[in-house]
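Residue strings, one per chain:
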Amino acid sequence: MALKKYYDYIAFNRDIKYSVFFEPLPSVDTIHKWVGAQSKNDCVYAIPNDMNAVLKHTPKDNSYLGDLENDLFKWTGGCLWKGSLYGFPRTSNCLLKMSLDTEAIQYIHMEKGYSKEHHYGGICTKAGIIYQPPRDSDHILVWNLKTGSTRKIHLSPKSQHREFRYCGSILCPNGYAYLLPELAERVIKLNTVTEEWEFIGDRIDAMTFDAKIAVDGNIYGFSAYCDGILKIDVMEDDVEMIHKEINPGAYGTKLGINGHLYSIPGDGDYVWDYDPLTDSLKSIYEFPYKLNAKYAGGASLQNGGICAVPARENKLLKLKIDIEGIEVPDKIYGDYFLDYY
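Computed from a predicted structure; not experimentally measured. (Residues numbered from 1 in each chain as written. Predicted model: local features only at pLDDT ≥ 70, side-chain atom pairs only at ≥ 80, totals over all residues. Heavy atoms only, no water.)

## Let's talk about the sheet that holds strand S18 (residues 197-204)
Here's step 1: The strand order across the open sheet built from 5 strands is S12-S15-S16-S17-S18, with neighbouring strands paired in antiparallel fashion. In this open sheet, the two edge strands, each paired with only one partner strand, are strand S12 (135-137) and S18. Ignoring strand direction, the axes of neighbouring strands in this sheet form an average angle of 35°. (Pairing = 2+ DSSP bridges. Helix = DSSP H or I, 4+ residues; strand = E, 2+ residues; numbered from the N terminus. Axes fitted to C-alpha atoms, helices over the stretch in contact; angles between N-to-C directions.)

As structure tokens, then:
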């Protein structure tokens, strides 16, 4: 039923077009400023990566919140839960937490830390349980936001001394999370209710940081460093790369209210527009200059817009629709448009 309502909503908006715009930000010296963002009402909050502050962007102004550590790759992606913004740790040994009301920032420390990059991104359930994919570690890291505690779901016996590298994840409305591999690994399908998990599909080179559920019920995500678009057939548990004629260079995949998927340009020179219903692919913007890691993640807004946040760039990238007065219904927005990167 949920998928049918999603399909009907997309069908009503199929003719809506998106255009690319830019909005300058104050220049800062930090290299990889923010990675991932969350949206609440008219605000976009960008998660600090190398940056020492959260970016708060509104239609009227921009502000930098907090005075954080200057370490590299601290947090990647995040979530909103119970009135607070959380940043998922990558090299940091704590969760970043910021109250949306007071904008006060605090750290939630884990009991035993890591000496290097350990996890990348993650998802958060409605119950406040975060699952983070491994990055050079042998386990999924689990946070309980109610208690501030952590635990591990091991993917192999400790005696094997294996290290896994995953770089993305997506939570589906049915409670399954899919963890997306970098190179020569298999997708992990995790039941967030029972915490049973399995590898699905063949080993694949994906390097997909972010993916979305299309109206056909399957999962798609533009690759960052490999050719093509990752496709997960959720009924058959098949995994493949499609449209390998392109190398998207995408640090994120965002959903438009017309059902199209849009790439967030990282190393890529184009903003790609993919329509899963017709399997059609086109570029809607080409950058006139070369720059790696331009943008990294962003947020889909409930008004139908998309905002990409800068890593090495000094301006926001926005995908705007050609009509006003749109408000994506809460249930559809939460199930399909909301993400954690």
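## Focus on helix H2 (residues 330-337)
Here's step 1: Taken together, the buried positions of H2 are occupied by Ile332, Tyr333, Asp335, Tyr336 and Phe337.
Here's step 2: Its buried side turned inward, H2 meets helix H1 (2-12), strand S2 (34-40), strand S19 (212-213), strand S23 (250-255) and strand S27 (295-300). (Buried < 20%, exposed > 50% of the residue type's maximum accessible area, 1.4 Å probe, protein only. Contact = heavy atoms within 4.5 Å.)

## A word on the environment of Asp279
Here's step 1: Note that Asp279 resides in the loop between strand S25 (270-275) and strand S26 (280-286).
Here's step 2: Considered as a pair, Asp279 and Thr147 are 132 residues apart in the sequence and their alpha carbons are 44 Å apart.
Here's step 3: With sequence-adjacent residues up to four places away left out, Asp279 is seen in contact with His243 and Tyr274.
Here's step 4: At 2.6 Å, the side chain of Asp279 forms a polar contact with the side chain of Tyr274. (Polar contact = N/O pair within 3.5 Å; in protein donor to acceptor, adjacent residues only side chain to side chain.)

## Re the packing of aromatic side chains
Here's step 1: Applying the stated criterion across every chain, the model contains 19 aromatic pairs.
Here's step 2: With a centroid separation of 6.0 Å and an interplanar angle of 70°, the aromatic rings of Phe22 and Phe287 are classed as edge-to-face. Of this pair, Phe22 sits in strand S1 (residues 18-24) while Phe287 sits in the loop between S26 and S27, and the two are 265 residues apart along the sequence.
Here's step 3: According to the relative accessible area criterion, Phe287 is buried, its value standing at 4%.
Here's step 4: With 6.0 Å between their ring centres and 15° between their planes, Trp75 and Tyr107 make a pair best called stacked. Of this pair, Trp75 sits in strand S6 (residues 75-81) while Tyr107 sits in strand S9 (residues 105-109); the two residues are 32 residues apart in sequence, bridging distant segments of the chain.
Here's step 5: Taking relative accessible area as the criterion, Trp75 reaches 0% and is therefore assigned buried. (Phe/Tyr/Trp six-rings, centres within 6.5 Å; stacked < 30°, edge-to-face > 60°.)

## Some thoughts on the nonpolar core
Here's step 1: Grouped together as the largest cluster of nonpolar side chains are 51 residues, with contacts concentrated most on Tyr178, Ile219, Ile232, Ile257 and Phe337.
Here's step 2: With 4 residues, the top contributor of residues to this core is H2.
Here's step 3: Grouped together as the second largest cluster of nonpolar side chains are 28 residues, Tyr131, Ile140, Leu155 and Leu171 included. (Core = buried A, V, L, I, M, F, W, Y, C linked by side-chain atoms within 4.5 Å.)

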